[in-house]
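# A look at the structure
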Amino acid sequence: MYIFNRIMVNSQLPKRINKMVEIANNLWWSWNTEYLRLFRKIDVDLWEASNKNPVKFLKAVSQEKLEDAAKDAEFLKEYDSVVENYEAYMNSKNTWFTKQYSDYKNDVIAYFSAEYGLDQILPIYSGGLGILSGDHLKSASDLGIPLVAVGLLYKNGYFHQKIDENGNQQSEYQNLDIYNLPMTIVKDENGEDLVINIKMPKRKLYLKVWQINVGRVKLYLLDSDNDLNNPEDRDVTLRLYGGDQEMRIRQEIVLGMGGVNLLKTLGLNPVIYHMNEGHSAFLTLEIIKNIIKEKKVSFEIAKDITTSKTVFTTHTPVPAGNDIFPIALIEKYFKDFWPRLGISREEFLKLGMKPCDALQPGFNMGILALKIAGKKNGVSKLHGEVSRELFGEVWPDIAADESPITYVTNGIHTCSWLAPTIKEMYNKYLMPYWQDNMHEDQVWEKVKNIPDDELWKAHLERKVKLIGVVKENVTARLRRNGMRYEDINEIVSKLNPNALTIGFARRFATYKRATLIFKDLERITQILNDEEHPVQLIFAGKAHPADKEGQDLIRYIHEISLMPQFKGKIFLLENYSIEVSRYLISGVDVWLNTPRRPMEASGTSGQKAAANGVINFSVLDGWWAEGYNGKNGWPIGSNIEYPSYEIQDRADSEKIYETLENKIIPIYYEQDKNKMSRRWLEIMKETIATNAGRYSTARMLVDYSDKLYMPLAKLTKENYNDLEKVTEYNSWKNELYTNWKDIEITQESNADNVVIDAGNQIEVKCQVKLPNIDVNSVTVEVYTGRISHVGSLEKVKVIPMKLAESNNEERKYTFVAKIDFVTGGNYGYTFRIMPKNDMILDSENLNLVKWIEQQNA
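Definitions and limits used
Residues numbered from 1 in each chain as written. Predicted model: local features only at pLDDT ≥ 70, side-chain atom pairs only at ≥ 80, totals over all residues. Heavy atoms only, no water. Helix = DSSP H or I, 4+ residues; strand = E, 2+ residues; numbered from the N terminus. Rg over C-alpha atoms; globule rule 2.2 N^0.38 Å. Buried < 20%, exposed > 50% of the residue type's maximum accessible area, 1.4 Å probe, protein only. Contact = heavy atoms within 4.5 Å. Areas by Shrake-Rupley, 256 points an atom, 1.4 Å probe, with all protein chains shown as cover. Lys, Arg positive; Asp, Glu negative; His and termini not counted. Charge placed at Lys NZ, Arg CZ, Asp CG, Glu CD. Pairing = 2+ DSSP bridges. Axes fitted to C-alpha atoms, helices over the stretch in contact; angles between N-to-C directions. Phe/Tyr/Trp six-rings, centres within 6.5 Å; stacked < 30°, edge-to-face > 60°. Parallel < 35°, antiparallel > 145°, perpendicular 65-115°, else oblique. Nonpolar A, V, L, I, M, F, W, Y, C, P; charged D, E, K, R; others polar. Salt bridge = Lys/Arg side-chain N within 4 Å of Asp/Glu carboxyl O. Patch = residues over 30% accessible without salt bridge, like charges linked within 9 Å, V, L, I, M, F, W, Y side chains within 5 Å. Core = buried A, V, L, I, M, F, W, Y, C linked by side-chain atoms within 4.5 Å. Expected span 1.5 Å × (residues − 1). Polar contact = N/O pair within 3.5 Å; in protein donor to acceptor, adjacent residues only side chain to side chain.

## Here's the deal with the overall build of the protein chain
The secondary structure content of the protein chain amounts to 29 helices and 29 strands. Taking 2.2 N^0.38 as the reference for a compact globule, 857 residues should give roughly 29 Å; the C-alpha atoms of the protein chain span a radius of gyration of 29 Å, in line with that estimate. Residues classed as buried in the protein chain amount to 57% of the 857 residues present. Considering only residue pairs separated by 6 or more positions, the protein chain has 72% of its internal contacts joining residues 24 or more positions apart. Accessible area for the protein chain stands at about 36900 Å²; split by element, carbon and sulfur atoms hold 46% of it. Within the protein chain, one finds 107 positive and 117 negative side-chain charges whose respective centroids are separated by 3 Å.

In structure tokens:
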């Protein structure tokens, strides 16, 4: 056998169409699919064989076909239109952000996430968190937000799923063909591969850097797989969420601390660092270390400055959702680090623990982020409430429901998830340039003007395509597992484009209750075997390789699908991906979601379905608790708390069956002579009108900018860039902590056990004694609300009080306020004091509150 050298010869693009290379290397094309149609025109077979990868296609296409395309008038017309749109987009200066925040257009917002779901050809994501991160970047680009992103390059990506003949999930890892992907290696000023390093125990870990262009946003991926590292360290960025806790802590050190180091090396000085989940929370420590070194300040001052620059988004509704590292592991990797911060071992370890006297056994990454970040948020209104209760102990003196955690409800990058035919229909019927303002409700009002027959035709086209994908996926799996052709055909031949089709696709975790619809097998058998009103179910999703209970759910659905009464009625797809998802969320009729409330932080698959006119049938959890309006879908269950999971499951499954039998199936089959249900189409339109824009990442990024990014950026520019101001603020805080316990509040007005009529108000007074604290350093408030059945106040309203009298000599001050009582009921009120300073981000962050402890007779 002879040996040979390898040479890769790229096809040479004719000058007339040479812009195709630049666009191929920018993921702008992932939401502008008009560009991708050009490849089908050049060579449709190669396009399919290259897995719809523009970069790979252009390296393999024949020179002859490129020359032919450059002479084809019809092709050139489409090409010129795409290039015009691309260049207008990339060069636009008139973006939402530049119009809203022109003074900050040259600042940088840095976004950190452990995974990014950008397109099917880049499998460096596992599920919802990654998809959200990818959509975050795309909408930041659309809105012109000056954002740069940091992640890790997983050359094995996330696993490919196979399901064997017994329904067992098998995990296969495949190497990314990185040189055929839209990414480039970052070079230093000398033209060499950029290399940064971070300290590990007794060695350094070296990282190369890759750049992905996502429209106007740059994503940098750190890569440890290089010859400068030992074999163990080369594997640090090999797999997403792979390995044991030690591998996990290395990955998170690389992401957080290495990411900060990278941005500094690139000459970027972000005004905001956004941590998407706790994986990157070590970045706070790196920022503090850098500030201490550069500004020669104490840990506390450096921490205050870091707080003014950081945002933390939590996605977990359960305590175990955060990474918690054993103390021994933290000590191994950080024992040489805390001396550089000027703090003790105990002080360092307590940064990752709830306030405590003795050390706790684990270091919680979520708590580290919560303690240091200036702004914190959950990912839906309900999840914000859950998070405030869940993490209330981080601020033990603050009422749990007032913990400084707000919310920004997740969304989707609408144009990435719209089926092409649906997008074309919106282009036809919505207002001009609707994509630029999709986050505004009025954009979607004209959905009602779409003719019923056009909407239904577009939906049926997607349904037919989905059925083709299901047939191909199921056939390939069953053939591989040895099933006879006749038996396979018996199953897939029953796929029916006219049947009511229900989709369930998401990560298989136990709290998502994928098998809830099978709680009563006799009942669901009757529903699925009504020949006059056929119903079919399609399932897809992966379970984490270490989640055995999640894998059991997949096995159970596999077994159910092969039962005689369910053959050809229930279909299980393998290797759920972005590509498969696009067919499902636009091709089913109903999107089923059954999480155990309130454990779904947000969920975004239903938002993708809604944008395509697919109707949601979901537990009132996460985003759907806000998105459901009584006319745009159907709820499962209620807001009540159940004494046990079993009782909750029975109640929710009963609701599923009742709603299917009495509402969903009858409305779907209430069809006229054109085989259309007008009531169904009315719900579809209501779904689009009320959900498509409101739950977009365009709206989400506007919220992040208005509520979190820009308030922090403004505060930093006005105050935290001035070291003298920060030093004074730090001294002020220390004095407040020293003297806070000496504050006294007494009630002056005797408005207790009084009776008044609704519509009236009462005036209340209190006297405050402030030893060693300036009166301008506090805000005095009335805390009022209804008296609950357990004797506490609920539906609370906080009313600032006005200073009425001052006795500076005795340090006594009288404050007054008026309370309006609009409706009848039993109400209570009390007084409290909170800290006040122009440099405070949220007063609750200081964990200082003083309640009244006595009343004057």
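## Let's talk about the sheet that holds strand β28 (residues 850–851)
Read across the open sheet, the four strands follow the order β24-β23-β27-β28; overall the sheet is antiparallel. At either margin of the open sheet sits one strand with a lone partner, and together these are β24 (793–800) and β28. For strand β27 (residues 827–835) and β28, the ladder comprises two bridges, and the chain directions are antiparallel. When the bridges of β28 are listed, Arg 832 appears paired with Trp 851.

## Side note on the sheet that holds strand β19 (residues 615–619)
The strand order β17-β16-β15-β18-β19-β20 describes an open sheet built from six strands, whose pairing is parallel. Because the sheet does not close on itself, it has two edges, and the strands there are β17 (570–573) and β20 (633–636). If you compare each strand with its neighbour and ignore which way they point, the axes differ by 20° on average. By the bridge criterion, two bridges tie strand β15 (residues 500–505) to strand β18 (residues 590–593) in an arrangement that is parallel. Across the sheet, Gly 503 pairs through a bridge with Trp 591, a residue of β18. Helix α19 (residues 452–480) rests against β15, β16 (535–540) and β17 of the sheet, and its axis sits at about 70° to β17.

## With respect to the packing of aromatic side chains
Taken as a whole and judged by the stated rule, the model has 42 aromatic pairs. Seen in terms of ring centroids, Phe 39 and Phe 57 are 5.0 Å apart; in terms of plane orientation they differ by 85°. Their pairing is edge-to-face. On the criterion of sequence distance, the pair formed by Phe 39 in helix α2 (residues 34–49) and Phe 57 in helix α3 (residues 54–60) is long-range, its members being 18 residues apart. One exposure class covers both Phe 39 and Phe 57, and it is buried. Consider the rings of Phe 282 and Phe 363, whose centres lie 6.4 Å apart with planes at 25°: the pair is stacked. Pair noted here: Phe 282 is in the loop between β9 (272–276) and α10 (283–295) and Phe 363 is in strand β12 (residues 362–364), with a separation of 81 residues, a long-range link.

## Some words on the packing of helix α26 (residues 645–668) against helix α27 (residues 678–691)
Following both chains from N to C, one finds α26 and α27 inclined at 105°, their axes separated by 7 Å at the closest point. By the angle class used here, α26 and α27 are roughly perpendicular. Counting all contacts with α26, which are made through Ile 664, Ile 667 and Tyr 668, the residues of α27 involved are Arg 679, Trp 680 and Ile 683. Of the residues in the contact of α26 with α27, the class split is five nonpolar, no polar and one charged.

## Let's talk about the side chain of Gln 251
Relative to the assigned elements, Gln 251 resides in helix α9 (residues 245–265). Classification of Gln 251 by relative accessible area gives buried; the value is 5%. Those residues in contact with Gln 251 that sit more than four places away from it in its chain are Leu 152, Tyr 154, Val 236, Arg 239 and Tyr 241.

## Describing the pattern of salt bridges
Between side chains of opposite charge, a pair can form when the charged atoms approach closely. What the rule picks out here adds up to 56 salt bridges. The shortest N-O distance in the salt bridge between Glu 286 and Lys 289 comes to 2.9 Å. Highlighted residues: Glu 286 and Lys 289, both in helix α10, separated by three residues, approximately one helical turn. Pair check on accessibility: Glu 286 and Lys 289 agree, each one buried. The salt bridge partner of Asp 552 is Arg 555, with a shortest N-O separation of 2.7 Å. With Asp 552 and Arg 555 both in helix α22 (residues 548–561) and three residues apart, the pair spans about one turn of that helix. Exposure remark for Asp 552: the relative accessible area of 37% places this residue in the partly exposed category. Judged by its relative accessible area of 24%, Arg 555 is partly exposed.

## A closer look at a positive patch on the surface
Taken together, Lys 199, Lys 204, Lys 293, Lys 296 and Arg 340 make up a surface patch of like positive charges. Here Lys 293 lies in helix α10.

## Concerning the nonpolar core
The nonpolar side chains of a soluble globular protein tend to be buried with one another. Ranked by size, the top nonpolar core spans 281 residues in total, and within it Met 20, Tyr 35, Phe 282, Phe 334, Phe 348, Leu 584 and Trp 680 carry the most contacts. With 12 residues, the single largest contributor to this core is helix α28 (residues 697–720). Contact partners of Phe 334, with chain neighbours within four places excluded, come to Ile 249, Ile 253, Met 257, Phe 282, Leu 285 and Phe 348.

## Looking at α19
Residues that lie three or four places apart on an α-helix share one face, since the helix turns once every 3.6 residues. With 29 residues, α19 ought to run about 42 Å at 1.5 Å a step, and its terminal C-alpha atoms sit 42 Å apart, in line with that. Two residues or fewer after α19 comes Gly 482, characterised by a positive phi angle close to 90°.

## Here's the deal with the pairing of β24
Pairing geometry for strand β23 (residues 778–787) and β24, over six bridges, is antiparallel. Following the sheet pairing, Tyr 783 is matched in β24 by Val 798. Linking β23 back to β24 in an antiparallel pair, the connection comprises five residues, with Gly 791 at a positive phi of about 90°.

## Let's talk about the side chain of Lys 850
With respect to the secondary-structure elements, Lys 850 resides in strand β28. A polar side-chain atom of Lys 850 sits 3.4 Å from the main-chain carbonyl oxygen of Ile 743.

## Digging into a negative patch on the surface
A surface patch of like charges, here negative, comprises Glu 64, Glu 67, Asp 68 and Asp 72. We classify Glu 67 as partly exposed; its relative accessible area is 31%.

## Remarks on unusual backbone geometry
Geometrically, the link from Arg 597 to Pro 598 is a cis peptide bond, its omega value of 5° lying close to zero. With a phi close to 55°, Lys 296 is a non-glycine residue in the positive phi region. Looking at where Lys 296 falls in the secondary structure, it is placed in the loop between α10 and α11 (299–307). Accessibility expressed as a relative area gives 69% for Lys 296, which makes it exposed. One non-glycine residue with positive phi stands out, namely Tyr 433, at about 60°. Mapped onto the elements of the fold, Tyr 433 is located in the loop between α18 (420–429) and α19. For Tyr 433, a relative accessible area of 66% translates into the label exposed.

## Observations regarding the environment of Leu 38
For Leu 38, the location among the structural elements is in helix α2. It is 7.0 Å that separates the C-alpha atoms of Leu 38 and Tyr 79, two residues lying 41 residues apart in sequence. Excluding residues that lie within four positions of it along the chain, Leu 38 makes contacts with Met 20, Phe 75, Glu 78, Tyr 79 and Val 82.

Function cannot be inferred from these measures alone, as they are strictly geometric.
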